[in-house]
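The chain contents come next:
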Amino acid sequence: MCLAIQEMKEESRIEGRNEGIIEGRNVGELEGAITFAKELGISREEVKKSFMVKYKKSEQETEELMKIYWK
């Protein structure tokens, strides 16, 4: 039983790590895309709306990312 619990804990750790890696990649992609869109002269609101749809982020999540990367 103890071995089964240890295996479950390890599986959970691996799953959490994988989710973190995926989220990190998404944030990196978002950062690059926001910066690129700004350089192209696309309005902040237009970029924000597009990202909400494409990345399935809430308005609040998208606004937080925009505050960070829209420099």
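The rules behind the values
Residues numbered from 1 in each chain as written. Predicted model: local features only at pLDDT ≥ 70, side-chain atom pairs only at ≥ 80, totals over all residues. Heavy atoms only, no water. Helix = DSSP H or I, 4+ residues; strand = E, 2+ residues; numbered from the N terminus. Salt bridge = Lys/Arg side-chain N within 4 Å of Asp/Glu carboxyl O. Buried < 20%, exposed > 50% of the residue type's maximum accessible area, 1.4 Å probe, protein only.

A. Region of interest: the environment of tryptophan 70. For tryptophan 70, the position within the fold is in the segment after helix H3 (59–69). Placed 36 residues apart in sequence, tryptophan 70 and isoleucine 34 show a C-alpha to C-alpha distance of 6.6 Å.

B. Spatial organisation of the pattern of salt bridges. The final tally for this structure, using the stated rule, is 5 salt bridges. We note a salt bridge from glutamate 63 to lysine 48, for which the minimum N-O separation is 2.9 Å. Of this pair, glutamate 63 sits in helix H3 while lysine 48 sits in helix H2 (residues 44–54), and the two are 15 residues apart along the sequence. Residue classification places lysine 48 among the buried residues on the basis of a relative accessible area of 7%. By sharing partners, the salt bridges in this structure join Arg44, Lys48, Glu59 and Glu63 into a single network.

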